There are 2 protein chains.
Amino acid sequence: MVQRNKNFAKLHAGYLFPEIGRRRRTFLEQNPDAHVISLGIGNTTEPLTLHIVDGLKNAVVGLGTPEGYSGYDDDARGQALLKNLKSRIAEKWYGGIVDPDEVVVSDGAKPDCGRLQVLFGPDVSVAIQDPAYPVYVDGSVIIGVTGVCDRESGQFDGIVYMRCTPENDFFPDLESLPQTDLIYWCSPNNPTGAVSTREQLEALVEFARRNGSIIIFDAAYSAFVQDEALPRSIFEVEGSREVAVEVNSLSKPVGFAGVRLGWTVVPQELAFDDGTPVLKDWGRIMGTLFNGASNIAQYGALAALDDEGLEEMRQTVGYYMENARIIRQALTELGVTTYGGVNSPYVWAHFAGRDSWDVFEDVLQKAHVVTTPGSGFGPSGAGFIRFSAFGHREDIVEATRRLARVWG
Amino acid sequence: MVQRNKNFAKLHAGYLFPEIGRRRRTFLEQNPDAHVISLGIGNTTEPLTLHIVDGLKNAVVGLGTPEGYSGYDDDARGQALLKNLKSRIAEKWYGGIVDPDEVVVSDGAKPDCGRLQVLFGPDVSVAIQDPAYPVYVDGSVIIGVTGVCDRESGQFDGIVYMRCTPENDFFPDLESLPQTDLIYWCSPNNPTGAVSTREQLEALVEFARRNGSIIIFDAAYSAFVQDEALPRSIFEVEGSREVAVEVNSLSKPVGFAGVRLGWTVVPQELAFDDGTPVLKDWGRIMGTLFNGASNIAQYGALAALDDEGLEEMRQTVGYYMENARIIRQALTELGVTTYGGVNSPYVWAHFAGRDSWDVFEDVLQKAHVVTTPGSGFGPSGAGFIRFSAFGHREDIVEATRRLARVWG
């Protein structure tokens, strides 16, 4: 029989979010009448907006006509669509600081992270923010970057964990870190909600340049940055083009979590030690293991990134940010210490000395609210739970009201 | 600087289809007035049909309403949609011989092949039909299964090439093959158009059972099988559930090449040597490196797989199969020996002793028709070119008329 890929045995029992789903179902079996509100998985809840729906609808109708049909991205109409979208992203999202040819369109930030892991292969060393979105670690384990997980520390052998907690203002002491090939960096951060300042990103880029590292910058929440002084892209920082790629997504800002549209920016200057442009190998990965984002989603993205679409995006983002404000305020009034939730849709609540899963269960049992236990994001997430601001307003209000049952 | 993934250097210069695109562009630069007809890349050309467009349109309109919106597959509406689609595929596509829980929905067969390669990892041995769709080889190289490519033979060290030519009726002498962990098998075959008979698939399953191999059965063209006696799924063969997975796709039969919807069937009985169900690890791969097929495409697939949609699919398939008949007939009349094109949209034309790229250039220069050189699919494709039956009828007719300039 075929041998199981030895890296799979190293993985934790389950991916974090399915585990939360299991606990939620168990609760509902025991409490069939409970109205559970989910502030756990960061899943978008608000309908697509008018102009974007129109863009999608026109696309679908067009696909039913000889003039509007396209197949794979490589036919004439598919190429034209993709070219438009790359230009639109370069211009409207990045204000022209990246080139359209450097924007590689995909079905989302998470799949792109997985493909980046295939691109870089098993022989790289990796540094990851702790806590972090689970895919950076899990994908690294699957591709063979790591050794086994130490039960005591919860850390995988072969990964450098960059502790990001309130004590260090969610930014590690770079001087204390060893050199690694890759540095995963997420800002606005999932789960802590921390947003790196310009000075911090400058220090990070300088650190990567000194060490010959590549930063994989996850900017999936950049549209939630309200403060003009904070950078929304790593490419706003001088010197970043030689040391960074950026993954991004329309999942959260326009509610495309289900429609699926993202991209990765790979600057032309970024190269491997033998001089091969990373963009060249990335093109090979995308051509071999991927077959293009849904053309319907591409048309939807075009609509989302014109002036009307961008105005709708601001409204959608504003809606979720008001949710975040309500959650933060409620927790603060209940005496809970929180971080994030200002330029990010995640509120990171601190319960010093407590087990995250215990707090998670407490909130689920008493308030019938699903959150995400911080320890699921890494050892330094212990003692925290994450509240997601993605939800209907009435659910958010009701959930915060119920939180008084836990901490009132 | 970061070391380039050592497996990339092993790859051939370019993925086959971009290379064809380059040659086509070069020709057009030199002959700007030429009307080039592409029968190369198997890209669909006919508009989506009425009922399927309606399904997509309703989906898009629904996503703009509180009642119809869904985000990631894991919210209630996303789960319900996915459950419906898995049941529909199990029932309507497979006639109930697979279980809905065994159908894992994705964005297509090619991305699923790539993820299967990540699933099985670098430590497996692999057998591949020669010639074959390039992704089986290229993905295996990228993930680290192979050594370098031998310039003389065109074969990668560490891959068993199963020669499939007219001499052996496109089916290898299994007894002469060594044991491998994985066997990639594509029927109806891309590029040869050969369809394995029931007896052949029974022998293949028996061979896999004896050797402890897993068959990765690519059935992306199964909807093109017209002959009732020929199997459309590996799971029609007894004993296959312990030794096979099947990838499939709506790209070709309903023109979803751009819309993106496919699936992989992983039977519950299929297990690794340590007893771990393959379906379990596949779920982990899909949960970690993927984020669901576009929900719009899922609704479109639901429409494509109800009675009206299936009738439209038969018409679309019939259209392309009539194209195949026209191509076959024209080539035959010109004295060219062909294979395939009867239960498959590909016609495999034989030019014994000639270099495939020379024939490709000959057809391009004289008839302004793009084909695919057989050698691009592997060493045993030398001396063949592939004609794709995907095209507008008038282009197919015009292309076949022009072929007289080459062989008339």
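Just so it is clear, the model here is predicted, and its values are computed rather than measured. (Residues numbered from 1 in each chain as written. Chains lettered and ligands numbered in written order. Predicted model: local features only at pLDDT ≥ 70, side-chain atom pairs only at ≥ 80, totals over all residues. Heavy atoms only, no water.)

K.L.:
Break down the overall build of chain A for me, citing the residues and quoting the values.
P.N.:
Along the backbone of chain A there are 12 helices and 13 strands. For chain A, the C-alpha radius of gyration of 21 Å lies close to 22 Å, the compact-globule estimate for 408 residues. Counting across all 408 residues of chain A, residues that qualify as buried make up 65%. As displayed, chain A offers around 14300 Å² of accessible surface, 48% of which is attributable to carbon and sulfur atoms. Each charge class in chain A can be summarised by its mean position, and for the 36 positive and 54 negative side chains these summaries are 5 Å apart. (Helix = DSSP H or I, 4+ residues; strand = E, 2+ residues; numbered from the N terminus. Rg over C-alpha atoms; globule rule 2.2 N^0.38 Å. Buried < 20%, exposed > 50% of the residue type's maximum accessible area, 1.4 Å probe, protein only. Areas by Shrake-Rupley, 256 points an atom, 1.4 Å probe, with all protein chains shown as cover. Lys, Arg positive; Asp, Glu negative; His and termini not counted. Charge placed at Lys NZ, Arg CZ, Asp CG, Glu CD.)

K.L.:
Tell me about the interface of chain B and chain A, residues and numbers included.
P.N.:
Taken residue by residue, the interface counts 82 residues in chain B and 82 residues in chain A. Buried area between chain B and chain A, both sides added, is near 6600 Å², and the carbon and sulfur share of it is 59%. On the chain B side of the interface with chain A, the three residues burying the most area are Val2(B), Tyr69(B) and Arg284(B), jointly 12% of the side's total. The tally of links from chain B across to chain A stands at 8 salt bridges. (Contact = heavy atoms within 4.5 Å. Buried area = accessible area lost by both parts, 1.4 Å probe. Salt bridge = Lys/Arg side-chain N within 4 Å of Asp/Glu carboxyl O.)

K.L.:
I'd like to hear about the nonpolar core, residue by residue, with values.
P.N.:
Of all hydrophobic cores here, the largest spans 288 residues; its most connected members are Trp407(A) and Trp407(B). Non-local contacts of Trp407(B), meaning those with residues more than four positions away in its chain, are made with Leu331(B), Leu334(B), Val336(B), Phe351(B), Val359(B), Val363(B), Ile385(B) and Phe387(B). (Core = buried A, V, L, I, M, F, W, Y, C linked by side-chain atoms within 4.5 Å.)

K.L.:
Before we move on, could you go through the packing of helix α2 (residues 50-63) of chain A against helix α8 (residues 295-304) of chain A and cite the residues and values that matter?
P.N.:
Residues and elements named next belong to chain A. At their nearest, the axes of α2 and α8 sit 8 Å apart, and the two run at 145 degrees to each other. The element α2 and its partner α8 pack so that their crossing is right-handed. Residues His51, Ile52, Gly55, Leu56, Ala59, Val60 and Leu63 of α2 form the contact with α8, whose own contacting residues are Asn295, Ile296, Ala297, Tyr299, Gly300, Ala303 and Ala304. Split into classes, the residues belonging to the contact of α2 with α8 amount to 10 nonpolar, 4 polar and no charged. (Axes fitted to C-alpha atoms, helices over the stretch in contact; angles between N-to-C directions. Left-handed = near helix turned anticlockwise from the far one by under 90°. Nonpolar A, V, L, I, M, F, W, Y, C, P; charged D, E, K, R; others polar.)

K.L.:
Which residues make up unusual backbone geometry, and what values do they have?
P.N.:
Residue and element names in this part refer to chain B. Omega for the peptide link from Ser187 to Pro188 comes to -10 degrees, which places this bond in the cis form. When you line up the elements, Pro188 lands in the loop between β5 (182-186) and α6 (198-211). The linkage connecting Asn190 with the following residue, Pro191, adopts the cis geometry, with an omega of 20 degrees. Of note, Pro191 is situated in the loop between β5 and α6. Phi is positive for Asp169, close to 55 degrees, though the residue is something other than glycine. On the secondary structure map, Asp169 appears in the loop between β4 (159-163) and β5.

K.L.:
Explain empty space enclosed by the protein to me, and be specific about the residues and the numbers.
P.N.:
Per the counting criterion, the structure on display carries 4 cavities of 30 Å³ or more. As a volume, the largest cavity reaches approximately 110 Å³. In this structure, the largest cavity is lined by Pro111(A), Gly114(A), Arg115(A), Val118(A), Leu289(A), Pro111(B), Gly114(B), Arg115(B), Val118(B) and Leu289(B). Every element with two or more residues in the lining of the largest cavity is listed here: α4 (109-120) of chain A together with α4 (109-120) of chain B. Looking at the lining of the largest cavity residue by residue, the class counts come to 6 nonpolar, 2 polar and 2 charged. Space inside the second largest cavity adds up to approximately 60 Å³. Along the walls of the second largest cavity sit Asp107(A), Val259(A), Arg260(A), Gly292(A), Ala293(A), Ser294(A), Asp107(B), Val259(B), Arg260(B), Gly292(B), Ala293(B) and Ser294(B), which together make up its complete lining. (1 Å grid on protein atoms, 1.4 Å probe; cavity = no way out; pocket = protein on both sides within 12 Å on 5 of 7 lines; lining within 4 Å. Points joined across faces, edges and corners; volume = space filled by probe spheres on them.)

K.L.:
Could you give me a rundown of the side chain of Ser213(A), with the residues and numbers involved?
P.N.:
Topologically, Ser213(A) is positioned in the loop between α6 (198-211) and β6 (214-218). Of the polar contacts made by the side chain of Ser213(A), one reaches the backbone oxygen of Thr180(A); its length is 2.6 Å. Ignoring anything within four residues of it in the chain, the contact list for Ser213(A) reads Gln179(A), Thr180(A), Asp181(A), Ile183(A), Ala208(A), Val243(A) and Val2(B). (Polar contact = N/O pair within 3.5 Å; in protein donor to acceptor, adjacent residues only side chain to side chain.)

K.L.:
Now, about the packing of aromatic side chains: what can you tell me, with residues and values included?
P.N.:
Counted according to the given criterion, the structure contains 34 aromatic pairs over all chains. Measuring from centroid to centroid gives 5.1 Å for Tyr221(A) and Tyr346(A), while their planes differ by 70 degrees, and the two rings are edge-to-face. Taken together, the positions of Tyr221(A) in the loop between β6 and β7 (244-249) and Tyr346(A) in strand β10 (residues 346-350) put the pair 125 residues apart, joining distant regions of the chain. Between Tyr94(B) and Trp263(B) the ring centres are 6.5 Å apart and the planes differ by 80 degrees, which places this aromatic pair in the edge-to-face class. Residue Tyr94(B) is found in the loop between α3 (76-93) and β2 (103-106), and its partner Trp263(B) is found in strand β8 (residues 262-265); the two are separated by 169 residues along the sequence. The class of Tyr94(B) is buried, set by a relative accessible area of 5%. Just above the ring of Tyr319(A) sits the side chain of Arg393(A); from NZ or CZ to the centre is 4.4 Å. Sitting over the ring of Phe290(B), Arg115(B) keeps its end group 4.2 Å from the ring centre. (Phe/Tyr/Trp six-rings, centres within 6.5 Å; stacked < 30°, edge-to-face > 60°. Lys NZ or Arg CZ within 6 Å of the ring centre and 35° of its normal.)

K.L.:
Which residues make up the sheet that holds strand β13 (residues 384-388) of chain B, and what values do they have?
P.N.:
Strand pairing in a sheet relies on backbone hydrogen bonds. The paired strands run either parallel or antiparallel. Residues and elements named next belong to chain B. Reading across from one edge, β9-β10-β13-β12 is the order of the 4 strands in this open sheet, with antiparallel pairing throughout. Unpaired on one side and paired on the other, β9 (337-340) and β12 (372-373) mark the two borders of the sheet. Relative to β13, β12 runs antiparallel, the two sharing 2 bridges. Paired with Thr372 across the two strands is Arg386, which belongs to β13. Strands β12 and β13 of the sheet are contacted by helix α10 (residues 356-367), whose axis makes an angle of about 45 degrees with β13. (Pairing = 2+ DSSP bridges.)

K.L.:
Kindly report on helix α7 (residues 278-289) of chain B, identifying the contributing residues and their values.
P.N.:
Taking 1.5 Å of rise per residue, the 12 residues of α7(B) would be expected to cover 16 Å, and the 16 Å separating its terminal C-alpha atoms lies within 8% of that figure. Taking burial as the measure, the 12 residues of α7(B) include 9 buried ones, the bulk of the element. Taken as a whole, α7(B) has its buried residues at Val278(B), Leu279(B), Asp281(B), Trp282(B), Arg284(B), Ile285(B), Met286(B), Thr288(B) and Leu289(B). Residues of α7(B) that are buried make contact with α4 and α5 (134-143) of chain A together with β2, α4, β6 (214-218) and β8 of chain B. (Expected span 1.5 Å × (residues − 1).)

K.L.:
Give me the lowdown on the relation of the copies chain B and chain A, citing residues and values where you can.
P.N.:
Overlay of chain B on chain A (RMSD 0.0 Å): rotation 180 degrees, translation along the axis 0.0 Å. Each copy turns onto its partner about a two-fold axis. Scanning chain B for the C-alpha nearest the rotation axis identifies Lys57(B), at a separation of 3.0 Å. When the interface residues of chain B are mapped onto chain A, 100% of them are again interface residues, pointing to one common binding face. (Least-squares fit on C-alpha atoms with pLDDT ≥ 70 in both.)

K.L.:
Account for the confidence of the model for chain A, with residues named and values stated.
P.N.:
Taken as a whole, chain A shows an average pLDDT of 96; of its residues, 99% reach a score of 70 or greater. Overall fold confidence (pTM) sits at 0.97, and the ipTM for the predicted complex is 0.97. (pLDDT = per-residue confidence, 0-100.)

K.L.:
So what's going on with the pairing of β5(B)? Which residues, and what values?
P.N.:
Residue and element names in this part refer to chain B. Burial analysis of β5 places 5 of its 5 residues in the buried class, which makes it a mostly covered element. By the bridge criterion, 3 bridges tie strand β3 (residues 126-130) to β5 in an arrangement that is parallel. Among the inter-strand pairings, Ile128 is bridged to a residue of β5, identified as Tyr184. Here β5 runs beside β6; their pairing, made up of 5 bridges, is parallel. Across the sheet, Trp185 pairs through a bridge with Phe217, a residue of β6. As a crossover connection, the stretch from β5 through α6 into β6 is right-handed. (Right-handed = clockwise from strand over helix to strand, strands pointing away.)

K.L.:
Describe the environment of Gln298(A), with residues and values.
P.N.:
All names here are of chain A. With respect to the helices and strands, the residue Gln298 is situated in helix α8. Considering only alpha carbons, one finds Gln298 and Phe224, 74 residues apart in sequence, at a separation of 22 Å. Looking at Gln298, its side chain comes within polar contact range of the side chain of Asp73, at 3.2 Å. At a separation of 3.0 Å, a polar atom in the side chain of Gln298 contacts the main-chain carbonyl oxygen of Ala293.

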